[in-house]
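# Analysis of the macromolecular model
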Amino acid sequence: MIGKLDKAHGSVTPSALVCGYYFIHIKKMTTKGAMKVMECFGVKRGESVLIVVDTLTQPSITKSLFDAAKDIGCEVMILTILPRSRHGEEPPAAVAKTM
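The structure contained in this document is the topic of the report that follows.

Calculation rules
Residues numbered from 1 in each chain as written. Predicted model: local features only at pLDDT ≥ 70, side-chain atom pairs only at ≥ 80, totals over all residues. Heavy atoms only, no water. Helix = DSSP H or I, 4+ residues; strand = E, 2+ residues; numbered from the N terminus. Buried < 20%, exposed > 50% of the residue type's maximum accessible area, 1.4 Å probe, protein only. Contact = heavy atoms within 4.5 Å. Areas by Shrake-Rupley, 256 points an atom, 1.4 Å probe, with all protein chains shown as cover. Pairing = 2+ DSSP bridges. Right-handed = clockwise from strand over helix to strand, strands pointing away. Core = buried A, V, L, I, M, F, W, Y, C linked by side-chain atoms within 4.5 Å. Salt bridge = Lys/Arg side-chain N within 4 Å of Asp/Glu carboxyl O.

## Details of the overall build of the protein chain
Helix and strand counts for the protein chain come out as 3 helices and 4 strands. Walking the protein chain from its N terminus toward its C terminus, one meets helices and strands in the order β-β-α-β-α-β-α. Considering the protein chain as a whole, with its 99 residues, one finds that 18% of them fall into the buried category. Contacts in the protein chain between residues far apart in sequence, at least 24 positions, make up 64% of those at least 6 positions apart. Of the accessible surface of the protein chain, which amounts to about 7,800 Å², a share of 63% is contributed by carbon and sulfur atoms.

Printed below as a string of structure tokens:
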């Protein structure tokens, strides 16, 4: 057990607070990382951003990238594909056409 919320008394054990902080800290790191990705690609307000992920990508990463582009003021789209058989393999033709 990581922590326990006592609803009857409105208290939270310290381990639950640490666990909650951990998740908030990870979210902040993911958000900062996503903003850095947008900065590195030079994404600007009004641009269209296509995020292509595979089914193995953690949803929190996809959401952070989406939110970062949206917050800049971009038109954002997400395409989810099946994992490729090797790194660098071309995406499906429909995805390549969208790109």
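## Section: the pairing of strand β3 (residues 48-54)
The side-chain alternation of β3 yields one buried face, formed by Val-49, Ile-51 and Val-53, and one unburied face, formed by Ser-48, Leu-50, Val-52 and Asp-54. Note: β3 against strand β4 (residues 75-81), 7 bridges, orientation parallel. For Val-49, the partnering residue across the bridge sits in β4 and is Val-76. With respect to chirality, the unit in which β3 leads through helix α2 (residues 59-72) into the neighbouring parallel β4 is right-handed.

## A look at the nonpolar core
Across soluble globular proteins, you tend to see nonpolar side chains buried next to one another. Core analysis: the largest hydrophobic core is formed by 12 residues, namely Ala-34, Met-38, Val-43, Val-49, Ile-51, Val-53, Leu-65, Ala-68, Ala-69, Ile-72, Cys-74 and Val-76. Taken together, the elements giving at least two residues each to this core come down to α1 (14-40), β3 and α2. Sort the elements by how many residues they give to this core and α2 lands first, with 4 residues. Discounting residues that sit within four places of it in the chain, Leu-65 has contacts with Ala-34, Val-37, Met-38 and Ile-51.

## Section: the environment of Ala-68
Positionally, Ala-68 belongs in helix α2. Residue classification places Ala-68 among the buried residues on the basis of a relative accessible area of 3%. If sequence neighbours within four positions are ignored, Ala-68 has contacts with Ala-34, Met-35 and Met-38.

## Here's the deal with the pattern of salt bridges
Summed over all chains, the structure comprises 2 salt bridges. Between Glu-39 and Lys-36 there is a salt bridge; the shortest N-O distance is 3.3 Å. Of this pair, Glu-39 and Lys-36 both sit in helix α1, 3 residues apart, which is roughly one turn of that helix. A salt bridge links Lys-63 to Asp-67; the nearest nitrogen and oxygen atoms lie 2.6 Å apart. Residue Lys-63 and its partner Asp-67 are located together in helix α2, separated by 4 residues, close to a single helical turn.

## Some details on the environment of Ile-72
For Ile-72, the location among the structural elements is in helix α2. Accessibility expressed as a relative area gives 19% for Ile-72, which makes it buried. Separated by 26 residues in sequence, Ile-72 and Gly-46 place their C-alpha atoms 8.2 Å apart. When neighbours within four sequence positions are excluded, Ile-72 is seen to be in contact with Met-35, Met-38, Val-43, Lys-44 and Arg-45.

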